Amino acid sequence: MSIKKVMVIGAGQMGSGIAQVCAQAGFDVLLNDMNEVAIDKGLANIEKLLTRAVDKERITAEEKENTLNNLTKSTQLQDAKSCDLVIEAVIENMDVKTKVFQQLDEITPKHAILASNTSSLPITEIAAVTKRPDQVIGMHFMNPVPVMKLVEIIRGLQTSDETYQAIENMTNELRKTPVEVNDFPGFVSNRILMPMINEAIYTVYEGVATPEDVDTVMKLGMNHPMGPLTLADFIGLDTCLYIMEVLYEGFGDSKYRPCPLLRKYVKAGWLGKKSGRGFYEYN
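Looking up the protein in an unreviewed UniProt entry gives the name 3-hydroxybutyryl-CoA dehydrogenase, with the organism given as Ornithinibacillus caprae. Comment text from UniProt for the protein, heading Pathway (unreviewed entry), reads "Lipid metabolism; butanoate metabolism." Taken directly from UniProt, the Sequence similarities (unreviewed entry) text for the protein runs: "Belongs to the 3-hydroxyacyl-CoA dehydrogenase family."

Structure follows, in structure tokens:
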């Protein structure tokens with residue numbers, strides 16, 4: 001099938017990033033959020049990033065204008081009635097996501113593909129609340145979306161080959177690299193990344209080393225561009241905890257048990273960069 005018009009639901013950092021790369025690739029994009037202030041903030045951030053790209057001569061001023069012209073604000077899910085693809089990028093909560101997918105199933109045309117940007121939740125379970133589970137798929141973009149090249153494409157139990165191929169083709173049009181992944185907790189990226197972050201937190205919790213020294217070891221010793229605790233702060237410690245809980249519940253294996261220090265920081269409201277304090281302080 002041909003994808004021309006896309007709705008992205010959620011105008012936060014991930015949603016606005018997804019909307020930007022879709023618009024840059026020439027798709028007609030609706031950026032949807034119930035909060036109009038969030039949409040305005042998301043669009044302002046997109047314009048800021050595009051302006052920076054023009055200044056650095058990565059894109060032309062004309063490409064910037066074309067991208068902005070491809071973006072439209074939407075505060076109603078009903079606007080999805082004319083879309084070929086909807087990409088959901090709301091809060092990482094199964095109840096919220098399934099409610100959105102139930103509504104989209106009623107609103108969107110029968111040919112439309114429904115995709116989730118979930119970083120860990122099962123696509124099969126999300127698809128089960130719709131009457132088109134063969135047209136439900138995961139598109140897990142990496143953060144920050146305009147920079148990172150990877151998209152994990154997650155096939156649910158009933159995702160059709162046609163749906164997968166359409167999304168793989170689109171991902172290539174976005175100049176991203178698609179990787180096919182089956183529907184297991186945490187997929188590939190977070191199944192590997194989150195236990196590493198959790199182990200780094202245990203290293204601090206057990207007094208082996210300070211956060212700074214743990215990050216230095218991983219950067220200078222393992223050639224990681226960013227230490228795992230800095231990365232955890234960037235992702236959000238609440239998100240890290242949620243994904244660890246999904247892994248722990250999904251596999252029933254003690255190696256995925258979230259570190260008590262991670263739970264403690266989240267309960268204290270130390271969520272990382274977004275709250276101003278995590279393993280490091282941010283002004």
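There is more to say after this.
1. Examining the UniProt feature "site: Important for catalytic activity" (unreviewed entry) in the protein
Here the UniProt-annotated "site: Important for catalytic activity" (unreviewed entry) positions come out as His140. With respect to the helices and strands, the residue His140 is situated in strand β6 (residues 136–141). What His140 contacts, discounting residues up to four positions off in sequence, is Ser116, Asn117, Thr118, Ser119, Leu150, Val151, Glu152, Ile154, Phe187, Ser189 and Asn190. Of note is the side chain of His140, whose polar atom sits 2.8 Å from the side chain of Glu152.

2. Section: helix α10 (residues 237–251)
When the terminal C-alpha atoms of α10 are compared, their 21 Å separation across 15 residues agrees well with the 21 Å that a helix rising 1.5 Å per residue should span. Buried residues of α10: Leu237, Cys240, Leu241, Ile243, Met244, Val246 and Leu247, and no others. At its buried positions, α10 is contacted by α7 (189–205), α9 (228–235) and α11 (260–267). Of the residues one or two after α10, Gly252 is the one with positive phi, at around 60 degrees.

3. Considering the packing of helix α1 (residues 13–24) against helix α2 (residues 36–55)
In contact at an axis separation of 10 Å, α1 and α2 are set at 55 degrees when each is read in the N-to-C sense. Judged by the inter-axis angle, α1 sits oblique to α2. In the packing of α1 onto α2, the handedness of the crossing is right-handed. Note on element contacts: α2 touches α1 through Gly42, Ile46, Leu49 and Leu50, opposite Ser16, Ala19, Gln20 and Gln24. Along the lines of polarity and charge, the residues of the contact of α1 with α2 split into four nonpolar, four polar and no charged.

4. Examining unusual backbone geometry
For the bond running from Asn143 to Pro144, omega is 0 degrees, close enough to zero to count as cis. With respect to the element layout, Pro144 can be found in the loop between β6 and β7 (150–155). Despite not being glycine, Asn223 has its phi angle at roughly 65 degrees, a positive value. Take Asn223: it is sitting in the loop between α8 (211–222) and α9. A relative accessible area of 69% means that Asn223 is categorised as exposed.

5. Things to note about the domain arrangement of the protein
As far as domains go, the protein holds domain 1 (5–182) and domain 2 (190–273). The straight-line distance from the C-alpha centre of domain 1 to that of domain 2 is 27 Å. Listed by partner, the interface residues are nine residues for domain 1 and five residues for domain 2. Taken together, both faces of the contact between domain 1 and domain 2 bury some 540 Å²; the carbon and sulfur share is 56%. Of all residues in domain 1, Glu92, Ser119 and Ser120 bury the most surface against domain 2, accounting for 54% of the area lost on that side. For the pair domain 1 and domain 2, the interface holds zero salt bridges. For the pair domain 1 and domain 2, the interface holds two residue pairs in polar contact (both at pLDDT 80 or more). Here the residues of the side of domain 1 that touches domain 2 are counted per class, giving two nonpolar, six polar and one charged.

6. Observations concerning the layout of surface pockets
When its volume is computed, the second largest pocket comes out at roughly 300 Å³. Lining the second largest pocket are 14 residues, with Ile9, Met34, Leu77, Val90 and Val100 sitting closest to its centre. Sort the elements by how many residues they give to the lining of the second largest pocket and helix α4 (residues 94–107) lands first, with four residues. Here the lining of the second largest pocket is composed, by residue class, of seven nonpolar, five polar and two charged.

Basis of the calculations
- Residues numbered from 1 in each chain as written.
- Predicted model: local features only at pLDDT ≥ 70, side-chain atom pairs only at ≥ 80, totals over all residues.
- Heavy atoms only, no water.
- UniProt positions renumbered as here; feature names shortened; annotations may be inferred.
- Helix = DSSP H or I, 4+ residues; strand = E, 2+ residues; numbered from the N terminus.
- Contact = heavy atoms within 4.5 Å.
- Polar contact = N/O pair within 3.5 Å; in protein donor to acceptor, adjacent residues only side chain to side chain.
- Expected span 1.5 Å × (residues − 1).
- Buried < 20%, exposed > 50% of the residue type's maximum accessible area, 1.4 Å probe, protein only.
- Axes fitted to C-alpha atoms, helices over the stretch in contact; angles between N-to-C directions.
- Parallel < 35°, antiparallel > 145°, perpendicular 65-115°, else oblique.
- Left-handed = near helix turned anticlockwise from the far one by under 90°.
- Nonpolar A, V, L, I, M, F, W, Y, C, P; charged D, E, K, R; others polar.
- Domains from an automatic or database assignment.
- Buried area = accessible area lost by both parts, 1.4 Å probe.
- Salt bridge = Lys/Arg side-chain N within 4 Å of Asp/Glu carboxyl O.
- 1 Å grid on protein atoms, 1.4 Å probe; cavity = no way out; pocket = protein on both sides within 12 Å on 5 of 7 lines; lining within 4 Å.
- Points joined across faces, edges and corners; volume = space filled by probe spheres on them.

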